[in-house]
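Chain by chain, the residues:
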Amino acid sequence: MQAEIFAIGTELLMGELTDANSAWLAARLPALGIELRRVSLLGDHLTTLSDAMAQALQGVDLIITTGGLGPTQDDLTREAMAAALHETPTVHAETLQVIERYFQQRGRDMPAPNIKQAHSIPSSQFLPNPYGSAPGWWVEKQGKILVALPGPPAEMHPMWDEQVAPRLSQIATGSI
């Protein structure tokens, strides 16, 4: 299996934050039998993101993204995946309730922009995020896998260890 990693966020391109997620993920792929072909830093631009994803899908089996899953207008990972896969996102009611509970447990009402974090596409499955408000996505379509993880390492690392790596290991060993 061959993979690409996309670290998403204009703050990475501008040097405001350093991308530590890509190196962390890259170090874990060989043990799963996954060959990393490329790492890309991509800004928060829908066309750039969707074009990069569509192009990567022509050459690799797996795309892993970090970042761009927040509630703000510049968080476009979900929208880019939907565009690259020619699917239309809709609100997933159960996930919306999970996000609302996340805020209620902190004594707050969920801000309206967070509704976008409950968007899904037909080929996606949510990856629960017990560490923050942004769930990830696991997408399988036409023999390709796309995994969208949040950018904060405190959220991304345990989600990888607990949810993504075990699934990829099952696929690599053929034990699904």
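Here, every reference points to the structure presented above.
Here's a quick rundown of the structure.

The rules behind each value
- Residues numbered from 1 in each chain as written.
- Predicted model: local features only at pLDDT ≥ 70, side-chain atom pairs only at ≥ 80, totals over all residues.
- Heavy atoms only, no water.
- Helix = DSSP H or I, 4+ residues; strand = E, 2+ residues; numbered from the N terminus.
- Rg over C-alpha atoms; globule rule 2.2 N^0.38 Å.
- Contact = heavy atoms within 4.5 Å.
- Areas by Shrake-Rupley, 256 points an atom, 1.4 Å probe, with all protein chains shown as cover.
- Lys, Arg positive; Asp, Glu negative; His and termini not counted.
- Charge placed at Lys NZ, Arg CZ, Asp CG, Glu CD.
- Expected span 1.5 Å × (residues − 1).
- Buried < 20%, exposed > 50% of the residue type's maximum accessible area, 1.4 Å probe, protein only.
- Arc of directions from axis to C-beta.
- Phe/Tyr/Trp six-rings, centres within 6.5 Å; stacked < 30°, edge-to-face > 60°.
- Lys NZ or Arg CZ within 6 Å of the ring centre and 35° of its normal.
- Axes fitted to C-alpha atoms, helices over the stretch in contact; angles between N-to-C directions.
- Parallel < 35°, antiparallel > 145°, perpendicular 65-115°, else oblique.
- Left-handed = near helix turned anticlockwise from the far one by under 90°.
- Nonpolar A, V, L, I, M, F, W, Y, C, P; charged D, E, K, R; others polar.

**So, the overall build of the protein chain**
Consideration 1: Scanning the protein chain from N- to C-terminus turns up 6 helices and 8 strands.
Consideration 2: Listed N to C, the secondary structure of the protein chain is β-α-α-β-α-β-α-β-α-β-β-β-β-α in terms of helices and strands.
Consideration 3: Here the C-alpha atoms of the protein chain give a radius of gyration of 15 Å, agreeing with the 16 Å that 2.2 N^0.38 yields for 176 residues.
Consideration 4: In terms of principal-axis extent, the alpha carbons of the protein chain reach across some 45 × 40 × 30 Å.
Consideration 5: Nonlocal contacts in the protein chain, meaning residues at least 24 apart in sequence, comprise 67% of its contacts between residues at least 6 apart.
Consideration 6: A total accessible area of about 8500 Å² is found for the protein chain, and carbon and sulfur atoms account for 52% of it.
Consideration 7: A distance of 3 Å separates the average location of the 11 positive side-chain charges in the protein chain from that of its 19 negative side-chain charges.

**Digging into helix H5 (residues 93-104)**
Consideration 1: Compared with the 16 Å implied by 1.5 Å per residue over 12 residues, the 16 Å span of H5 between its first and last C-alpha is a close match.
Consideration 2: Restricting attention to buried positions, one finds in H5 the residues Thr 95, Leu 96, Ile 99, Tyr 102 and Phe 103. The buried residues of H5 occupy one face: seen down the axis, they fall within an arc of 115°. Turned more than 90 degrees off the buried face of H5, the exposed positions are Ala 93, Glu 94 and Gln 104.

**Examining the packing of aromatic side chains**
Consideration 1: Applying the stated criterion across every chain, the model contains 1 aromatic pair.
Consideration 2: Between Tyr 102 and Phe 103, the aromatic rings sit 5.3 Å apart at their centres with planes inclined by 85°, giving edge-to-face as the arrangement.
Consideration 3: Of the residues examined, Tyr 102 reaches a relative accessible area of 19% and is grouped as buried.
Consideration 4: Sitting over the ring of Tyr 102, Arg 106 keeps its end group 3.6 Å from the ring centre.

**What to know about the environment of Gln 58**
Consideration 1: Summarising the element assignment, Gln 58 is placed in the loop between helix H3 (46-57) and strand E3 (62-66).
Consideration 2: Residue Gln 58 is classed as exposed on the basis of its relative accessible area of 70%.

**Thoughts on the packing of H3 against helix H4 (residues 77-84)**
Consideration 1: Packing of H3 against H4 leaves a shortest axis separation of 8 Å and a crossing angle of 50°. Relative to H4, the element H3 lies oblique. In this structure, the crossing between H3 and H4 has a hand that is right-handed. When H3 is examined against H4, the residues Leu 46, Leu 49, Ser 50, Met 53 and Ala 54 are found in contact with a partner set consisting of Thr 77, Glu 79, Ala 80, Met 81, Ala 83 and Ala 84.
Consideration 2: Class assignment for the residues of the contact of H3 with H4 results in 8 nonpolar, 2 polar and 1 charged.

Any functional reading would require information that these geometric values do not contain.
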